[in-house]
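Residue-level listing of the chains:
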Amino acid sequence: MRTSFLLAGLWLIICATPVPAAAQERAVPYWASLREDEVYMRVGPSVDFPIEWIYRRAGLPLKVVRLNEGWRLVEDPDGARGWIAARLLDPDRTAMVTGEGETAMRAEPDTAAALRWRVQAGVVGRLGQCDGGWCRFVVGRRSGWVARDRLWGAGPP
């Protein structure tokens with residue numbers, strides 16, 4: 001009887017323990033974003049490898065293309081690839097405006113819909129649902145619909 005109580009207690013402790021990043025792995029490729037304001041991209045999957053890039057932009061969308069224990073091989077909007085510690089990546093989807101100049105953020109997913117804002121290339125925002133060629137896009141307190149082909153991070157990975 002006492003053994004079953006101990007086993008039940010042990011089971012509860014195991015279930016209540018936070019799941020490590022390695023157990024949260026998903027099928028690649030998938031989208032993620034930077035969790036911190038400063039993140040190092042390394043040339044290999046360990047702190048022993050040299051730093052290739054230093055990102056200073058929380059929320060920047062990245063494509064995760066490979067997993068290696070607690071590290072993720074990622075690709076950034078410019079096509080650079082390197083390794084980032086999994087704990088520094090957020091599963092929340094973001095996107096970055098690409099292309100030349102500004103793009104329209106509209107009230108509805110339609111080119112004839114009212115223009116809400118103009119968004120510069122390079123702006124990063126939260127990505128909502130995508131419907132056809134349009135995606136819900138939120139930048140600060142401003143939200144609307146942006147053409148999917150102007151957003152890096154909005155397509156399939």
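Computed from a predicted structure; not experimentally measured. (Residues numbered from 1 in each chain as written. Predicted model: local features only at pLDDT ≥ 70, side-chain atom pairs only at ≥ 80, totals over all residues. Heavy atoms only, no water.)

Draft legend 1. Fine view of the state of the cysteines. Here the structure, examined in full by the defined rule, presents 1 disulfide. The disulfide that involves Cys130 links it to Cys135, with 2.0 Å between the sulfurs. The sign of the 105° torsion about the S-S bond sets the Cys130-Cys135 disulfide as right-handed. Note on Cys135: relative accessible area 0%, which makes it buried. (Disulfide = S-S within 2.5 Å. Buried < 20%, exposed > 50% of the residue type's maximum accessible area, 1.4 Å probe, protein only.)

Draft legend 2. Broad picture of the packing of aromatic side chains. One pass over the full model with this rule turns up 1 aromatic pair. Ring centres of Trp31 and Trp152 lie 4.8 Å apart, and the angle between their planes is 85°; this geometry places the pair in the edge-to-face category. Pair noted here: Trp31 is in strand β1 (residues 30-34) and Trp152 is in strand β14 (residues 151-152), with a separation of 121 residues, a long-range link. In terms of burial, Trp31 and Trp152 fall into one category: buried. A cation over a ring is seen here: Arg142 above Trp117, with NZ or CZ 3.9 Å from the ring centre. (Phe/Tyr/Trp six-rings, centres within 6.5 Å; stacked < 30°, edge-to-face > 60°. Helix = DSSP H or I, 4+ residues; strand = E, 2+ residues; numbered from the N terminus. Lys NZ or Arg CZ within 6 Å of the ring centre and 35° of its normal.)

Draft legend 3. Expanded view of unusual backbone geometry. With omega at 0°, the peptide bond leading from Val28 into Pro29 counts as cis. Within the secondary structure, Pro29 sits in the loop between α1 (2-16) and β1. One non-glycine residue, Glu69, lies in positive phi territory at about 50°. As for its position among the elements, Glu69 is in the loop between β4 (61-68) and β5 (71-75). For Glu69, a relative accessible area of 64% gives the class exposed.

Draft legend 4. Up close: the pairing of strand β12 (residues 134-139). Inspection of the sheet shows strand β11 (residues 124-131) paired to β12 by 4 bridges, in the antiparallel sense. Pairing of Cys130 across the sheet is with Cys135, part of β12. Hairpin connection of β11 to β12: 2 residues between the antiparallel strands, including Gly132 at a positive phi of 65°. Here 6 bridges tie β12 to strand β13 (residues 142-147), and the two strands are oriented antiparallel to one another. (Pairing = 2+ DSSP bridges.)

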